[in-house]
Amino acid sequence: MTRSGIGYDAHRLVAGRALILGGVQIPHSLGLDGHSDADVLCHAIADALLGAIGENDIGHHFPNTDEGIRGISSLAILARVRQILVEKEARVVNVDATLIAEAPKIGPHLPAMRAAISSALQLPVDRISIKATTNEGLGTIGRSEGMAAMAVASVEQN
Ligand code: MG
């Protein structure tokens, strides 16, 4: 059986935090705020994968009240999500994600992001699509108050 899942996430941009997207640290004046490394792209992908197998969401598995995971790399979250899929006899078919951010330019970092996610999910790079768009200056994301990401994932499950 093939199943699909959808994921969405958003985080605020603040000063004094590193900007981590798709597992890659990107030079920027602001970073995303959160309990983990706040990698909004990996969080959307994690929720898409969990959704595809009917699991509880990322907030259930990685609660922001758990001090033991403060600052956790979201690549580690993805690796754990993959393990949950393995336990449920599910294999990732593909992941497609879109980052919505006004700045910085994401294009140069996309190959590194795909490679990092590929490694975390143990999935070939050609099954991982990462895209980026701006919000054309509209709304909170347009004012660079934060970033959002959405993702879909397909899995095969026995
Ligand atoms: Mg998040």
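Residues numbered from 1 in each chain as written. Predicted model: local features only at pLDDT ≥ 70, side-chain atom pairs only at ≥ 80, totals over all residues. Heavy atoms only, no water.

Caption draft 1: Representation of the packing of helix 1 (residues 40-52) against helix 3 (residues 74-87) in the model. Two elements in contact, helix 1 and helix 3, have axes whose closest approach is 9 Å; the angle formed by their N-to-C orientations is 10°. Compared by their axis directions, helix 1 and helix 3 come out roughly parallel. Where helix 1 abuts helix 3, its residues Cys 42, His 43, Ile 45, Ala 46, Leu 49 and Leu 50 lie against Ser 74, Leu 75, Ile 77, Leu 78, Val 81, Ile 84 and Leu 85. (Axes fitted to C-alpha atoms, helices over the stretch in contact; angles between N-to-C directions. Helix = DSSP H or I, 4+ residues; strand = E, 2+ residues; numbered from the N terminus. Parallel < 35°, antiparallel > 145°, perpendicular 65-115°, else oblique. Contact = heavy atoms within 4.5 Å.)

Caption draft 2: Here's a closer look at helix 4 (residues 110-121). Helix length check: helix 4 (12 residues) gives 16 Å between terminal C-alpha atoms against 16 Å at 1.5 Å per residue, within 8%. Those residues of helix 4 that fall on the buried side of the exposure criterion are Leu 110, Met 113, Ala 116, Ile 117, Ser 118, Ala 120 and Leu 121. Looking at the buried residues of helix 4, the elements they touch are strand 2 (19-21), strand 3 (24-26), helix 1, helix 3, strand 5 (90-100) and strand 6 (128-133). Downstream of helix 4 by a residue or two, Gln 122 has a phi angle that is positive, lying close to 50°. (Expected span 1.5 Å × (residues − 1). Buried < 20%, exposed > 50% of the residue type's maximum accessible area, 1.4 Å probe, protein only.)

Caption draft 3: Highlighting the coordination of the magnesium ion. Ligation of the magnesium ion by protein atoms is provided by Asp 9 (OD), His 11 (NE2) and His 43 (ND1), these donors lying 2.1 to 2.2 Å from the ion. All donors to the magnesium ion come from one chain, and their sequence spacing reads D-x1-H-x31-H. Within this pair, whereas His 11 is found in strand 1 (residues 2-14), its partner His 43 is found in helix 1, the two being separated by 32 residues in sequence. The residues His 11 and His 43 share a single accessibility class, namely buried. (Donors = N, O, S within 2.8 Å, 3.2 Å for Na, K, Ca; no water.)

Caption draft 4: Broad picture of the nonpolar core. Among the nonpolar cores identified, the biggest contains 47 residues, and Leu 21, Ile 45, Leu 49, Leu 78, Met 113 and Ile 130 are the most heavily contacted of them. Residue assignment for this core shows that the elements contributing at least two residues are strand 2, strand 3, helix 1, helix 3, strand 5, helix 4, strand 6 and strand 7 (146-157). Top contributing element to this core by residue count: helix 1, with 10 residues. Residue contacts for Leu 78: discarding those within four places in its chain leaves Cys 42, Ile 45, Ala 46, Leu 49, Ile 117, Ala 120 and Leu 121. (Core = buried A, V, L, I, M, F, W, Y, C linked by side-chain atoms within 4.5 Å.)

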